[in-house]
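Here are the chains, one letter per residue:
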Amino acid sequence: MTLPQGFRFLPGYFDRAQQAGLIDAVIRAAQIAPFFKPRMPRTGQPLSVDMTNFGPLGWVTDKEKGYRYEETHPETGAPWPDPPALLTQLWQEVSNYPAPFEACLVNHYSENAKMGLHIDWDEEATDAAVVSVSLGDKARFRLGGPTRKGKTHSLELSSGDVVVLGGESRRCYHGVDRIYRGTSTLVPMGGRLNLTMRRVTLPG
Ligand code: MD3
Ligand code: FE
């Protein structure tokens with residue numbers, strides 16, 4: 001299978017010191033904006049990851065209102081913390097988008113967490129790439145095509161890797177099948193952190 005157009009894999013983009021700095025920023029942000037348990041629309045079924053966000057907007061989901069972006073934390077009502085400068089810089093370097101990202105979703109995967117195949121489609125600015133940073137334990141990432149059926153491609157994502165999902169890849173199904181426990185010692189609470197930067201509203 002050939003990878004979709006617009007998909008870029010940048011392994012080892014961040015060195016170990018930068019990875020540690022980003023993890024530290026997440027832990028400090030989580031003191032202001034604690035990790036919350038996202039729940040599926042209607043059923044209220046919990047996702048296996050925990051989440052928080054950086055930036056003017058944050059992605060949230062609950063039983064009552066479903067998937068959406070909000071300016072404030074669902075439990076504290078406070079604005080999301082500012083993103084670390086390194087992420088703003090990364091977006092400028094790789095997104096090729098003329099406006100800054102608005103949301104940086106932080107997913108925490110403990111050893112048994114996974115994310116089923118889905119498409120990210122809650123943004124108006126679907127012309128903007130999604131930029132992802134992996135930190136901590138390795139994960140098996142799966143990338144499919146624009147329909148749920150059809151072939152998928154598996155990729156191991158390691159701490160410090162960056163993935164840019166632009167062009168056609170932005171509309172592709174993807175998910176995380178498994179976490180390889182204990183493959184990194186960088187995350188104090190263990191497991192894997194994934195940061196995804198997204199432009200939500202159309203600029204201008
Ligand atoms: C491909 N996160 O938060 S990041 C998500 O590792 C999400 O936590 C995964 O899927 C994770 O929505 C995968 C890579 C990624 C992010 C967004 C995409 C791949 C994507 C959007 C479209 C296509
Ligand atoms: Fe996604």
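For the structure, see preceding data.
The present account deals with the structure reproduced in this document. (Residues numbered from 1 in each chain as written. Chains lettered and ligands numbered in written order. Predicted model: local features only at pLDDT ≥ 70, side-chain atom pairs only at ≥ 80, totals over all residues. Heavy atoms only, no water.)

## A short note on the overall build of the chain
Okay, so step 1: Check the secondary structure of the chain and you find 2 helices and 12 strands.
Okay, so step 2: Against the 2.2 N^0.38 benchmark of 17 Å for 204 residues, the chain shows a C-alpha radius of gyration of 16 Å, consistent with a compact globule.
Okay, so step 3: Its C-alpha atoms give the chain principal-axis dimensions of about 45 × 35 × 35 Å.
Okay, so step 4: Looking at the chain alone, contacts between residues at least 24 apart form 76% of all its contacts between residues at least 6 apart.
Okay, so step 5: In the form shown here, the chain has an accessible surface area of approximately 9,900 Å², with 51% of it arising from carbon and sulfur atoms.
Okay, so step 6: Looking at the chain, you have 23 positive and 22 negative side-chain charges, and the mean spots of the two groups are 8 Å apart. (Helix = DSSP H or I, 4+ residues; strand = E, 2+ residues; numbered from the N terminus. Rg over C-alpha atoms; globule rule 2.2 N^0.38 Å. Contact = heavy atoms within 4.5 Å. Areas by Shrake-Rupley, 256 points an atom, 1.4 Å probe, with all protein chains shown as cover. Lys, Arg positive; Asp, Glu negative; His and termini not counted. Charge placed at Lys NZ, Arg CZ, Asp CG, Glu CD.)

## Observations regarding the coordination of the iron ion (ligand 2)
Okay, so step 1: Listed as protein donors to the iron ion (ligand 2) are His118 (NE2), Asp120 (OD) and His174 (NE2); their distances from the metal cover 2.0 to 2.2 Å.
Okay, so step 2: Between consecutive donor residues of the iron ion (ligand 2), the sequence gaps follow H-x1-D-x53-H. (Donors = N, O, S within 2.8 Å, 3.2 Å for Na, K, Ca; no water.)

## Overview of the site of ligand 1
Okay, so step 1: What surrounds ligand 1 is a group of 19 residues, the closest being Tyr109, Asp120, Ser169, His174 and Arg192.
Okay, so step 2: In this structure, aspartate 120 approaches ligand 1 through a side-chain N or O atom, which is 2.8 Å from an oxygen atom.
Okay, so step 3: Between ligand 1 and histidine 174 there is a distance of 2.9 Å, counted from an oxygen atom to a side-chain nitrogen or oxygen.
Okay, so step 4: Protein chains bury 99% of the 500 Å² of accessible surface belonging to ligand 1 in isolation.
Okay, so step 5: Considering each element in turn, the shell around ligand 1 owes the most residues, 4 residues, to strand β12 (residues 192–198).
Okay, so step 6: Of the residues assigned to the shell around ligand 1, the class counts are 8 nonpolar, 7 polar and 4 charged. (Near = heavy atom within 4 Å. Polar contact = N/O pair within 3.5 Å; in protein donor to acceptor, adjacent residues only side chain to side chain. Nonpolar A, V, L, I, M, F, W, Y, C, P; charged D, E, K, R; others polar.)

## Notes on the packing of aromatic side chains
Here a ring pair, both rings aromatic, is described through the centre-centre distance and the interplanar angle of the planes.
Okay, so step 1: If you walk through the whole model with that rule in mind, you get 5 aromatic pairs.
Okay, so step 2: Here tyrosine 13 and phenylalanine 14 contribute two aromatic rings whose centre-to-centre distance is 5.0 Å and whose plane-to-plane angle is 80°, an arrangement assigned as edge-to-face.
Okay, so step 3: Ring plane angle 45° and centroid distance 6.3 Å describe the contact between phenylalanine 36 and tryptophan 80, whose orientation is recorded as tilted. Of this pair, phenylalanine 36 sits in the loop between α1 (16–32) and β2 (50–54) while tryptophan 80 sits in the loop between β4 (68–70) and α2 (85–94), placing them 44 residues apart in sequence. Note on accessibility: phenylalanine 36 and tryptophan 80 belong to one class, buried.
Okay, so step 4: One aromatic cluster in this structure is built from Trp91, Tyr97 and Phe101.
Okay, so step 5: Between arginine 192 and the ring centre of tyrosine 109, over which it is positioned, the NZ or CZ distance is 5.1 Å. (Phe/Tyr/Trp six-rings, centres within 6.5 Å; stacked < 30°, edge-to-face > 60°. Buried < 20%, exposed > 50% of the residue type's maximum accessible area, 1.4 Å probe, protein only. Lys NZ or Arg CZ within 6 Å of the ring centre and 35° of its normal.)

## Brief notes about α1
Okay, so step 1: End to end, α1 covers 25 Å across 17 residues, agreeing with the expected 24 Å (1.5 Å per residue, within 8%).
Okay, so step 2: When α1 is considered as a whole, its buried residues turn out to be Gln19, Leu22, Ile23, Ala25, Val26, Ala29 and Ala30. One side of α1 carries all its buried residues, which in axial view fall inside an arc of 155°. Looking at α1, the residues exposed on the side facing more than 90 degrees away from the buried face are Arg16, Ala17, Gln31 and Ile32.
Okay, so step 3: Residues of α1 that are buried in the fold lie against β2, α2, β5 (103–109), β7 (130–136) and β12. (Expected span 1.5 Å × (residues − 1). Arc of directions from axis to C-beta.)

## A short note on the side chain of glutamate 123
Okay, so step 1: With respect to the secondary-structure elements, glutamate 123 resides in the loop between β6 (115–118) and β7.
Okay, so step 2: Overall, the relative accessible area of 7% leaves glutamate 123 in the buried class.
Okay, so step 3: Aside from chain neighbours lying at most four places away, what touches glutamate 123 is Tyr69, Arg170, Arg198, Arg199 and Val200.

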